[in-house]
Amino acid sequence: MRSFFSLFCAMAICQFASAQRTCSTEQYARTIFKPQSQVSVDRGRERDTIPNEIITIPVVVHVIFKTTEQNISDDQVLSQIQVLNKDFRRLNADAVNTPAAFQSIAADSRIMFCLAQVTPEGRPTKGIVRRYTDKDFFLGDDAMKYTAAGGDDAWDSKKYLNIWVCCLFGRSLGYATPPGGQPDLDGVVINFDVFGTRGIVRAPFNLGRTATHEIGHWLGLKHLWGDISCGSDDVDDTPRQMGYNYGCPSFPHVTSCSENGNGDMFMNFMDFSDDACMNSFSNGQKRKMRSLFALGGIKNSFLNSFACDSTLASGGPIPDDTIPVAKPRPEIMLYPNPVQSEVIIQPVNDYELIGKVCSIFNVQGKRVFQQTCTSAKQKMNLSDLPSGVYILQVGTGNDKRIQKLLKL
Ligand SMILES: [Zn+2]
């Protein structure tokens, strides 16, 4: 029963979350994130981006699971990569839903994503690492990023985008580290049931836009309202807006903060609208994201990442974890029982018999027979015992096993 309840709690904690989008990046950036000044470049190999160059980012997805459900399929992971490659290239089918007023500033960022084919150690990989955890859930405190804390260590964040998929406590769908933080924490965390479009995904976050949004943060973008009333996201072409939008607003959504009658760009990936109602980045957001890869930019080293080139891999892949199967309890059995003279103690499920003391007690609790077991299948001659009911005890403490015995 205990495991049933702990499973139920885990599901309640990370699955039946609010129907309204939540993102913990701003809170994380304010309370946990520690900016570091170093720029991750490959010394001697720096170069600028070429205009219109397609920047491809190798991705490793760390699937951290306690339950079968949380161990999402390769296909679910792949469905997320497909969404990213559509959304960041403006190849998403719902791009047509961007209102005419915003069509001219909706951008193809020319950024793409590939599942890594080579590990940092040069071994082949699918770009998916599966790690079993004994934790029911994770808080937004980065424990999922450390093997020692029940998660999985980051891969070199100069070459890989690390995405951790796990059971996140509370209402948060995910969070990202802003650019320029601690290398071993760098990346994005997404709740397992809002990742991808196929498999275990829950509406209205079943179109993979949580990862699009969080990777937008990872690439330096802020929420459109700048996380304060009528604040700025430091991007020129996204209109100022009062606060976040949620659900599926209809155009135009105008407030006292709006610059003109077009109102909020609620269909931008950096708002809080439902997955089905967001469909674009802006030209200004594109420039901001791409600037990280330029010469001197924090993510310049990605121009020299070849982690999606499988020809560079050698050796065997890293094995994945599975949910440990509970081992059956070691036991003993007695036969024949009832017994006339000789009884045999047979170990079951690898119970270790040799060296243990086997005692027989009568119903008054008095020991009437004792012998140290010397073989894996112990024989005892009980022909001298009077007829009656006895208790056989093998071993002591946690190892103790007891069986009732009838002597004829
Ligand atoms: Zn956010």
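Residues numbered from 1 in each chain as written. Predicted model: local features only at pLDDT ≥ 70, side-chain atom pairs only at ≥ 80, totals over all residues.

**Observations regarding the sheet that holds strand E9 (residues 331–335)**
Inference 1: The three strands lie next to each other as E9-E10-E13, forming an open sheet whose pairing is antiparallel. Strands at the two margins of the open sheet, each flanked by one partner only, are E9 and strand E13 (378–381). Strand-to-strand twist in this sheet, taken as the mean axis angle between neighbours without regard to direction, amounts to 25 degrees.
Inference 2: Where E9 meets strand E10 (residues 342–348), five bridges bridge the pair, whose relative direction is antiparallel. Paired with isoleucine 332 across the bridge in E10 is proline 347. (Pairing = 2+ DSSP bridges. Helix = DSSP H or I, 4+ residues; strand = E, 2+ residues; numbered from the N terminus. Axes fitted to C-alpha atoms, helices over the stretch in contact; angles between N-to-C directions.)

**A few points about unusual backbone geometry**
Leaving glycine out, the prevailing phi sign among residues is negative, and the prevailing peptide bond configuration is trans.
Inference 1: Cis rather than trans, the peptide bond between alanine 203 and proline 204 has omega equal to 5 degrees.
Inference 2: In this structure, proline 204 sits in the loop between strand E6 (188–191) and helix H5 (209–218).
Inference 3: Cis peptide bonds are those with omega within 30 degrees of zero, and the linkage from asparagine 337 to proline 338 qualifies with 10 degrees.
Inference 4: By the secondary structure assignment, proline 338 is in the loop between E9 and E10.
Inference 5: For aspartate 142, which is not glycine, the phi torsion reads 75 degrees and is therefore positive.
Inference 6: Relative to the helices and strands, aspartate 142 resides in the loop between strand E3 (128–132) and strand E4 (161–166).

**Section: the environment of threonine 372**
Inference 1: Among the structural elements, threonine 372 can be located in strand E12 (residues 367–372).
Inference 2: Along the primary structure threonine 372 and leucine 353 are separated by 19 residues, whereas in three dimensions their C-alpha atoms are 9.2 Å apart.
Inference 3: Not counting residues within four places of it along the chain, the set of residues in contact with threonine 372 comprises Gly355 and Val357. (Contact = placed C-beta atoms within 7 Å.)

**Here we look at H5**
Inference 1: Burial runs high along H5: 10 of the 10 residues are buried.
Inference 2: Those residues of H5 not exposed but buried are Arg209, Thr210, Ala211, Thr212, His213, Glu214, Ile215, Gly216, His217 and Trp218.
Inference 3: Downstream of H5 by a residue or two, glycine 220 has a phi angle that is positive, lying close to 95 degrees. (Buried ≥ 20, exposed ≤ 12 C-beta atoms within 10 Å, placed from the backbone.)

**As for helix H6 (residues 283–291)**
Since there are 3.6 residues in each turn of an α-helix, residues three or four apart along the chain are aligned in direction.
Inference 1: Looking only at H6, the buried set comprises Gln285, Lys286, Lys288, Met289 and Arg290.
Inference 2: Where the residues of H6 are buried, they touch strand E2 (111–115).

**Notes on the nonpolar core**
Inference 1: If you look at the biggest cluster of nonpolar residues, it comprises 73 residues, and the most contacted ones within it are Val59, Val165 and Cys166.
Inference 2: Among the elements of the structure, strand E1 (55–65), helix H3 (74–87), E2, E3, E4, strand E5 (174–176), E6 and H5 are those that each provide at least two residues to this core.
Inference 3: If you tally residues by element for this core, the top one is E1, at eight residues.
Inference 4: Not counting residues up to four positions away in its chain, the partners in contact with valine 165 are Val61, His62, Val63, Ile64, Ile72, Ile190, Phe192 and Phe195.
Inference 5: Listed in part, the 12 residues of the second largest apolar core include Val339, Val343, Ile345 and Leu353. (Core = buried A, V, L, I, M, F, W, Y, C linked by C-beta atoms within 7 Å.)

**Comments concerning the packing of H3 against H5**
Inference 1: Packing of H3 against H5 leaves a shortest axis separation of 9 Å and a crossing angle of 60 degrees. As judged from the angle between their axes, H3 and H5 are oblique. The handedness of the crossing between H3 and H5 comes out as right-handed. Of the residues in H5, those touching H3 at Gln80, Val83, Leu84 and Asp87 are Ala211, Thr212 and Ile215.
Inference 2: The residue inventory of the contact of H3 with H5, partitioned by class, reads four nonpolar, two polar and one charged. (Parallel < 35°, antiparallel > 145°, perpendicular 65-115°, else oblique. Left-handed = near helix turned anticlockwise from the far one by under 90°. Nonpolar A, V, L, I, M, F, W, Y, C, P; charged D, E, K, R; others polar.)

**Some words on the pairing of strand E11 (residues 357–362)**
Inference 1: Of the pairings in the sheet, the one linking E11 to E12 comprises five bridges and is antiparallel in character. Among the inter-strand pairings, serine 359 is bridged to a residue of E12, identified as glutamine 370.
Inference 2: Counted between consecutive antiparallel strands, the loop separating E11 from E12 contains four residues, among which glycine 365 sits at a positive phi close to 90 degrees.
Inference 3: Where E11 and strand E14 (residues 388–394) come together, five bridges link them in antiparallel fashion. Paired with isoleucine 360 across the bridge in E14 is leucine 392.

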